[in-house]
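# Summary of the model geometry
Here is what each chain is made of, one letter per residue.
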Amino acid sequence: MNNMQRYRLTCTLSFGDIYGQIIVWLIVIFISLAAAMAMMGASRPVYALATVGLILVLSLPFLLFAFVTTLLNHIEITEVDSAKESRSMPSPAVPRQTAQA
């Protein structure tokens, strides 16, 4: 147990990585709303609400899967060398005592 290594976990995800996914999902939602409005005009409000609900329920798991896999692809685990870490870390500040006259 004494030779346990230390690891650094970093996330390199940026908004640009998921921007396309959000745009595609918004397009799907607007198309479903357009279909619902068309069905509302055809005096079928039950079918219109069912269409929007079905599309939302079916698309949310795919959106969640896309977000989670994108996030997991942008997590990096790197080993931290204790010798390099001790050199790069500043030494703890030692309080100075000033002479009082």
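Figured I'd write up the structure that's included with this text. Worth saying up front: this structure is predicted, and the values here are computed from it rather than measured.

It is at 8 Å that the axes of helix H1 (residues 15-41) and helix H2 (residues 45-73) come closest, and there the two elements cross at 175°. Relative to H2, the element H1 is oriented roughly antiparallel. A per-class count over the contact of H1 with H2 returns 20 nonpolar, 5 polar and 1 charged.

Before going further, it helps to examine the side chain of Thr51. Residue placement: Thr51 occurs in helix H2. Ignoring any residue separated from it by four or fewer positions in sequence, one finds Thr51 in contact with Ala35 and Met39.

What follows concerns the side chain of Ser59. By secondary structure assignment, the location of Ser59 is in helix H2. Overall, Ser59 belongs to the buried group, its relative accessible area being 11%. The residues touching Ser59, leaving out its near neighbours within four places in the chain, are Trp25 and Ile29.

Each value, and the rule that gives it
Residues numbered from 1 in each chain as written. Predicted model: local features only at pLDDT ≥ 70, side-chain atom pairs only at ≥ 80, totals over all residues. Heavy atoms only, no water. Axes fitted to C-alpha atoms, helices over the stretch in contact; angles between N-to-C directions. Helix = DSSP H or I, 4+ residues; strand = E, 2+ residues; numbered from the N terminus. Parallel < 35°, antiparallel > 145°, perpendicular 65-115°, else oblique. Nonpolar A, V, L, I, M, F, W, Y, C, P; charged D, E, K, R; others polar. Contact = heavy atoms within 4.5 Å. Buried < 20%, exposed > 50% of the residue type's maximum accessible area, 1.4 Å probe, protein only.

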